[in-house]
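Here's the letter readout for the chains.
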Amino acid sequence: MTDAPAPTESKTGALAPLRIAIFRALWIAVLVSNIGSWMQTVGAQWLLVDEKASPVVIALVQTASSMPVLLLGIPAGVLAEFINRRRLLIGVQSFQVLAGVVLTVLTALGEMSPALLLVMTFLIGAASAIQLPAYQALVPEIVPRAMIRDAAGLSSVGVNIARAIGPAVAGLIIAHAGIPLVFAINAATFLAFLLVLVAWRDYRPVPNRPEPFMDATRAGIRYIRNAPVMMQILLQLALFMIPANALWALLPVVASEHLKLEANGYGLLLAALGVGSVGGAFLLPAIRKVLDTSHIVLIASVVFGAVMVALVLVSDLWIVIPLLVVGGIAWIGVVIALNGTTQAFLPAWVRARGLSVYQLVLFGCTAAGAAAFGAVATALGATNTMWVAGVLTILTAARLLWRPLPSTDLDRTASVLPLSDLPTELATPDEATEDRPVVVSVRYHVPEERRGEFTALMPLLRSSRLRTGAATWSLLEDPGRPGTFVELFTVRSWREHVSQHAGRQTGYDESLIERAHALSIDPPVIAHLLEVPVDSGRGGGVRR
């Protein structure tokens, strides 16, 4: 399998990324795999319904599939940053094929207890947790930047086509052939994705500077913590996901108890949500032309919450199905808006790690929401819990009225900055140098009339330094020399400081540095100081 030349960036649109051969092949493979995953979800939940399990146990299927992201999400992002992503995906898919076969055989033999089912679901979820950041970080490597949001939208379309097809097919198979066949088909879909990855032989990983695992982990977390755009996106994602996931977690109980449906009827409800999600994905490019991300998330969240409330107020299937179609449109509006913005915003050097944090919040809140509302449903009943969750979803969306998401219209292109005032050989440090901490000082001489502009700029520059590698930052003023400021920041190792200059800056970061330098009367004086190890317990001096 070889990749076709990427289309020009001007040819954008909801389907534009599918013109790229390898994206199209991977998208189809993931679609098939997602169909199998939804079939397995329906099979697992209905197996528990047949076993007369409590609502909280049924809801724990969602928790078991999502919880691994809490444990593995950030390490998975670090792995995806520095390991060949294709090989990583091949290993993960091989494990999922094996797990799928074991699940099928044990179920067919009648040895699948509720506890064992949750364990197997957890293991398959663990593989997915490792896979997600690696796969999502591949997308910006194989599509032009202008298509990243459309590619993210197509990925969500694939998930929701699977949601439309998988549950309906699973319901029919369960009714006529039993749950083991559903699990067997899921294992086969893992195998299909594996074969596509094996056939993709011309993948060339993006070059990167190797970093120790813990250093890379700290750098990823530090970037997210000091990127206000990402913090706002993650907060809004969490506020939506926790109550909204009550719909997915409790829908089988609502279908069985409130709507009096069997497995095929439950599949029909999930299919309605999936159809709405697919339709919403195709509507979103046009909606983005008139609404920004904040307004899309606000409106879609309110609509989704209203659908949750309405769902338990009616019992007519032919009213419920259109409601769920609308709910699917609203769901995909929130998911694509936030995910596409995240993928477009993150710079290449930290993209996999940033996406792993995004997935950590997404699936962590899915697990927490499913478990919490499953427990509430045990006490209050599924229908009462559903409308409470719907009201909470609407209330959390209202936050955007006074705190909209910040703009992401920033220059995200990579920018290489010179290492000033240093011997050239230190740009490639030796083993004795690379682990030594470094202190960087930048001395500015700012005229009094520009003092306010300078001090207003410094918080933005502080965030930039911390995002790209600084561990601490401070701004000092020389009281004996009015207008003389010293920007002081530390980096944990000289190796990381070289990376800070060689690949972590973006055009936006560079613009902040240029603005700060322009406010100085004289060119800023930059010094790089390496820490000198001192053994305080030895030497010829008097010890006190």
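Above this text you will find the structure in question.
Residue numbers run consecutively from 1 along every chain, following the written order of its sequence. Whole-chain, interface and lining totals are the exception, using all residues; otherwise, since this is a predicted model, local features are given only for residues with pLDDT of at least 70 and side-chain atom pairs are given and counted only at 80 or more. The side-chain values count all of the structure's non-hydrogen atoms but skip hydrogen atoms and water molecules.

Peer 1: Would you explain the pattern of salt bridges in this entry?
Peer 2: For this analysis, a salt bridge means a side-chain nitrogen from Lys or Arg found within 4 Å of a carboxyl oxygen belonging to Asp or Glu. Enumeration over the complete set of coordinates arrives at eight salt bridges. Across the pair Arg495 and Asp435 runs a salt bridge whose closest N-O atoms are separated by 2.8 Å. With a gap of 60 residues between them, Arg495 in helix α16 (residues 494–502) and Asp435 in the loop between α14 (431–434) and β1 (438–445) connect regions that are remote in the sequence. The classification of residues rests on relative accessible area computed with a 1.4 Å probe and restricted to protein chains. Under 20% of the type maximum is buried, over 50% is exposed, and intermediate values are partly exposed. Residue class for Arg495 comes out buried when judged on its relative accessible area of 12%. Strands here are runs of E lasting at least two residues and helices are runs of H or I lasting at least four, both read from the DSSP assignment and numbered beginning at the N terminus.

Peer 1: How do you make sense of the pairing of strand β2 (residues 470–477) when you look at a structure like this?
Peer 2: The side chains of a regular strand alternate between the sheet's two faces. Two strands are said to pair when DSSP picks up at least two bridges between them. Alignment of β2 against strand β3 (residues 484–491), held across seven bridges, turns out to be antiparallel. Across the sheet, Thr472 pairs through a bridge with Thr490, a residue of β3.

Peer 1: Explanation requested: unusual backbone geometry in the structure shown.
Peer 2: A negative phi holds for most residues other than glycine; trans holds for most peptide bonds. One non-glycine residue, Lys260, adopts positive backbone phi at about 60°. As for its placement among the helices and strands, Lys260 is situated in the loop between α8 (228–258) and α9 (263–288). Residue Lys260 is classed as exposed on the basis of its relative accessible area of 65%.

Peer 1: I keep staring at the packing of α8 against helix α11 (residues 317–345) and nothing clicks. Help me out?
Peer 2: The packing of two helices is summarised by the inter-axis angle and the distance between the axes. With their axes 11 Å apart at the nearest point, α8 and α11 run at an angle of 155° to one another. Taken as axis vectors, α8 and α11 run roughly antiparallel relative to one another. Judged by the twist between their axes, the crossing of α8 over α11 is left-handed. Each of Val229, Met230, Ile233, Leu237, Phe240, Met241, Ala244, Asn245 and Trp248 in α8 lies in contact with α11, whose residues at this interface are Trp331, Val334, Val335, Leu338, Thr341, Thr342 and Phe345. Under this grouping Gly is polar, as are all residues other than the nonpolar Ala, Val, Leu, Ile, Met, Phe, Trp, Tyr, Cys and Pro and the charged Asp, Glu, Lys and Arg. Here the residues of the contact of α8 with α11 are counted per class, giving 13 nonpolar, three polar and no charged. Every axis corresponds to a line fitted to the C-alpha atoms, with the helix fit spanning only the stretch in contact, and the corresponding angles, defined between N-to-C directions, vary from 0 to 180 degrees. Oblique is the label for every angle not falling under 35 degrees (roughly parallel), over 145 degrees (roughly antiparallel), or within 65 to 115 degrees (roughly perpendicular). A clockwise turn of the near helix away from the far one marks a right-handed crossing, whereas an anticlockwise turn of less than a right angle marks a left-handed crossing. Only heavy atoms enter the contact rule, under which two residues are in contact if any of them lie within 4.5 Å.

Peer 1: I would appreciate a short explanation of the nonpolar core in the present structure.
Peer 2: Nonpolar side chains in soluble globular proteins tend to be buried together. The nonpolar core is taken to be a set of buried Ala, Val, Leu, Ile, Met, Phe, Trp, Tyr and Cys residues, with the residues joined through side-chain atoms within 4.5 Å. Within the largest apolar cluster, 130 residues are counted, with the highest numbers of intra-cluster contacts made by Phe23, Leu26, Val143 and Phe304. Beyond its immediate stretch of four places on either side in the chain, Val143 contacts Pro17, Ile20, Phe23, Ile148 and Ala151. Counting residues in hydrophobic clusters, the runner-up holds 22 residues, among them Val438, Val442, Leu457 and Val498.

Peer 1: Help me understand the sheet that holds β1, please; the structure alone is not making it clear to me.
Peer 2: Pairing between the strands of a sheet is mediated by backbone hydrogen bonds and can be parallel or antiparallel. Taken in spatial order, the four strands line up as β2-β3-β1-β4 in an open sheet, and their pairing is antiparallel. Whereas interior strands pair on both sides, the edge strands pair on one side only; in this sheet they are β2 and β4 (525–530). Sheet twist, expressed as the mean angle between neighbouring strand axes with direction ignored, is 15°. Bridging between β1 and β3 involves eight bridges; their strand directions are antiparallel. Residue pairing across strands places Ser441 opposite Leu488, the latter belonging to β3. Across the face of the sheet, helix α15 (residues 451–468) comes into contact with β1, β2 and β3 while running at roughly 165° to β2.

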